[in-house]
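# Per-entry structural report
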Amino acid sequence: MRILKAKDYLEMSRKAANLIAAQVIMKPDCVLGLATGSTPIGLYQQLIQGYQQGDLDFSQVRTANLDEYKGLTRENDQSYYYFMHQNLFKSINVKEENTNIPDGTVADSAAECARYDEVIRALGGVDLQLLGLGHNGHIGFNEPADSFAKGTHCVDLTESTIEANKRFFASADDVPRQAYTMGIQTIMGARKILVVVNGEAKADIVQKAFFGPVTPQVPASILQFHPDVTLVGDEAALSKIN
Ligand SMILES: N[C@@H]1[C@@H](O)[C@H](O)[C@@H](COP(=O)(O)O)O[C@@H]1O
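Since this is a predicted model, take the numbers as computed values, not measurements.

### Details of the site of the ligand
Inspection of the region around the ligand gives 14 residues, with Gly-37, Ser-38, Thr-39, Gly-132 and Gly-134 positioned closest. Of the residues belonging to the shell around the ligand, the class tally is four nonpolar, nine polar and one charged.

### Some thoughts on the nonpolar core
Residues Leu-133, Val-195 and Val-196 are the most contacted members of the largest nonpolar core, which totals 66 residues. The element that contributes the greatest number of residues to this core is helix H1 (residues 9–26), accounting for six residues. The residues touching Val-196, leaving out its near neighbours within four places in the chain, are Met-12, Ala-16, Thr-39, Pro-40, Leu-43, Leu-130, Gly-132 and Val-232.

### Some points on the UniProt feature "domain: Glucosamine/galactosamine-6-phosphate isomerase" (unreviewed entry) in the protein
UniProt records the feature "domain: Glucosamine/galactosamine-6-phosphate isomerase" (unreviewed entry) for residues 14–224 in the present numbering. Helix and strand shares over residues 14–224 are 33% and 15% respectively, and the end C-alpha atoms of the span are 24 Å apart.

### A word on the sheet that holds strand S9 (residues 192–197)
By way of backbone hydrogen bonds, the strands of a sheet pair with one another, either parallel or antiparallel. The seven strands lie next to each other as S1-S10-S9-S6-S2-S3-S5, forming an open sheet whose pairing is parallel. Each of the sheet's edge strands pairs with one partner strand only, and the pair in question is strand S1 (2–6) and strand S5 (99–100). As paired strands, strand S2 (residues 31–34) and strand S6 (residues 128–131) are joined by two bridges and run parallel to one another. In the sheet register, Leu-32 faces S6, and the bridge partner there is Leu-128. Sheet contacts for helix H4 (residues 109–123): S2, strand S3 (62–65) and S5; angle to S3, the most-contacted strand, approximately 150°.

### Some remarks on the environment of Ala-172
As for its position among the elements, Ala-172 is in the loop between helix H5 (159–165) and strand S8 (178–181). The exposed category is assigned to Ala-172, around which 12 C-beta atoms lie within 10 Å. Each C-alpha atom, one on Ala-172 and one on Glu-159, is 9.7 Å from the other, the two residues being 13 residues apart in sequence. The residues contacting Ala-172, other than those within four sequence positions of it, are Ile-162, Glu-163 and Lys-166.

Definitions and limits used
- Residues numbered from 1 in each chain as written.
- Predicted model: local features only at pLDDT ≥ 70, side-chain atom pairs only at ≥ 80, totals over all residues.
- Near = placed C-beta within 6 Å.
- Nonpolar A, V, L, I, M, F, W, Y, C, P; charged D, E, K, R; others polar.
- Core = buried A, V, L, I, M, F, W, Y, C linked by C-beta atoms within 7 Å.
- Buried ≥ 20, exposed ≤ 12 C-beta atoms within 10 Å, placed from the backbone.
- Helix = DSSP H or I, 4+ residues; strand = E, 2+ residues; numbered from the N terminus.
- Contact = placed C-beta atoms within 7 Å.
- UniProt positions renumbered as here; feature names shortened; annotations may be inferred.
- Pairing = 2+ DSSP bridges.
- Axes fitted to C-alpha atoms, helices over the stretch in contact; angles between N-to-C directions.

Here's what the structure looks like:
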């Protein structure tokens, strides 16, 4: 695992965006696995700047997002579809038909999960998967569990995730209780993985996930077995691993 330490959030965002930019430049039709949450917003802004300055072209890039809340429509401003359009897609030249996100409005979980796995298979897998890290070690919405989930599946969100994400909703009651997420096998199948973390609140889980035992109780710990992981974090998030 490569660890890149940044002095602050802006530098973390720049370093991470540089790695994604390198991927897009070296393979213009690459498949980018994308993530939501507050951590990647700064790096998406950097990618938008790179596009506006004429350094990056996303016209052939394909994307596959990690997850989506079940039950939220695309128009709901808390859906991950909405998030991706607001924070990245509307400001770069990626083609709508080349972007993929699980469809939270499909009630039949088995059908939607099978469809999404087929989408990723048809894309030829993910070249570079971007990941944030939940406070309980979740990646995508793979919550702590007794075993590692394989493909796309529907999860019941844990209380800690509902608590962490309620800041985006009017109240905790409005946070959806379920989500569709890529599975651990799909994430591990990505050719490269880029994890971004910032802030002191992530310091403990960074230490556990990357230097603790590999266990489904800390889903991100499986990344220790991936051959090409880069962790980019600010000093606060990396403070317990030095
Ligand atoms: N499903 C998302 C994850 O993909 C994200 O990585 C995580 C951390 O979010 P943040 O970056 O806001 O800390 O929480 C959310 O629940």
